[in-house]
Amino acid sequence: MLQCSILFLGFMALNRYALATGTRTQACILRCSQPIYTVSVLMSTTKEGSDVVGRMDVSEKVGFFTKLKYRFQGIPLKGELHAPISFMRDIGKQYIPPPLPEVPKDFKEYPERDLVNYPYPVKRMYPPKLRLMIIPDKFMNNFHKYTGTSGPYVFFAMLYAFLHTKGLFEIAHDRVKILVLLFYYYIFSRAFNYRWDKYFYESCKKAEKKYLDIIDNNFKTIRETQETSKAERSAYAAVKEYYPIIFKENLALQLESTYRKNVERLATEMKRRLDYLQETEAVKHSFARDHMLKWIINSVQSEIMANKENIKEKYMDICIEQLKGLSLK
């Protein structure tokens, strides 16, 4: 694993050196290994014919490791038109957000709180300083007054030696992976810490702004309700003295409306009763007429059937004469 990592780093360093110096042999190596990447980088660093001599002068003055450092940091060399984009361009940067608001010195949650012995806790703006990426700096400083600045490092070295002699931490091939992982962790943490801190801070601010907007909207609704209530109270106070007159007018309107309804109902009832009487009289008259006609017809028929005073023949003679008269016409 360690050999592969060393070969990989050596190959990358050779590529960077070939791109920086532009020697013929290393350029051939680049063409065989990474043709697309070589063309893209060489196109970004292409210069006019008059500037080639200047670029060679720069390559003679700037060392290989300096150029490698510039490449990793994204710093353009002399004569390059564009700065190379490197994922390690943020190494050494530290994202500094705006400072947090401080608690007023005279603020007390309760009057009996002792701010001298029990002050309010202050949130740290940055994490505490570390040594060896995992050990707090405060722990290391405790050794300084007894052992000096090298004391804590010697302590950890002796601790490792003690564990090794007891067989608790043996040196084996797979132990090299720890060093490789620590190396990659250091590189990536240094390269992406700035972007991570910035991203998480902006995300937290967006979430905080979202909830603050909800609170502001609630307060806005409450203020609008208060203003509406205030306007209603002022309107009530303005017309309060006119309420007796308004009540009297409303009562008069209600009485008039009730009177009109009663008159309309009375007219409807009178019309219904008159219609009833008219219908009753018409039925009585119709019944009397039908009864009279029926009585007359029955009486005549009975006399004809009885043939009193020879009425049947007279009746027949009269009918024949009427028919003759009708036929002559």
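Calculation rules
Residues numbered from 1 in each chain as written. Predicted model: local features only at pLDDT ≥ 70, side-chain atom pairs only at ≥ 80, totals over all residues. Heavy atoms only, no water. UniProt positions renumbered as here; feature names shortened; annotations may be inferred. Patch = residues over 30% accessible without salt bridge, like charges linked within 9 Å, V, L, I, M, F, W, Y side chains within 5 Å. Areas by Shrake-Rupley, 256 points an atom, 1.4 Å probe, with all protein chains shown as cover. Salt bridge = Lys/Arg side-chain N within 4 Å of Asp/Glu carboxyl O. Helix = DSSP H or I, 4+ residues; strand = E, 2+ residues; numbered from the N terminus. Buried < 20%, exposed > 50% of the residue type's maximum accessible area, 1.4 Å probe, protein only. Phe/Tyr/Trp six-rings, centres within 6.5 Å; stacked < 30°, edge-to-face > 60°. Lys NZ or Arg CZ within 6 Å of the ring centre and 35° of its normal.

If you check an unreviewed UniProt entry, the chain appears there as ATP synthase subunit b from Onchocerca volvulus. Per its UniProt entry, the chain bears the Subunit (unreviewed entry) comment "F-type ATPases have 2 components, CF(1) - the catalytic core - and CF(0) - the membrane proton channel. CF(1) and CF(0) have multiple subunits." Entered under Sequence similarities (unreviewed entry) in the UniProt record, the comment concerning the chain runs "Belongs to the eukaryotic ATPase B chain family."

It is worth spelling out a nonpolar patch on the surface at this point. On the surface, a cluster of nonpolar side chains totalling about 470 Å² of accessible area is made up of Val239, Tyr242, Ile245, Ile246 and Phe247. By residue number, the principal contributor to the nonpolar patch is helix H10 (residues 243-306), which donates three residues. Positionally, isoleucine 245 belongs in helix H10. For isoleucine 245, a relative accessible area of 48% gives the class partly exposed.

Counting across every chain of the model gives 14 aromatic pairs. Judged by centre distance (5.7 Å) and plane angle (40°), the ring pair of phenylalanine 107 and tyrosine 120 falls under tilted. Of this pair, phenylalanine 107 sits in the loop between helix H5 (64-73) and strand S1 (130-131) while tyrosine 120 sits in the loop between H5 and S1; the two residues are 13 residues apart in sequence, bridging distant segments of the chain. Residue class for phenylalanine 107 comes out partly exposed when judged on its relative accessible area of 41%. When the ring of phenylalanine 143 is compared with that of phenylalanine 155, the centres are 5.4 Å apart and the planes differ by 35°; the resulting orientation is tilted. Taken together, the residues span a long stretch of sequence, with phenylalanine 143 in the loop between helix H6 (137-141) and helix H7 (144-147) and phenylalanine 155 in helix H8 (residues 151-165) at a distance of 12 residues. When its relative accessible area of 37% is taken as the criterion, phenylalanine 155 is described as partly exposed. A cation over an aromatic ring shows up here: lysine 93 above the ring of tyrosine 194, its NZ or CZ 5.6 Å from the ring centre.

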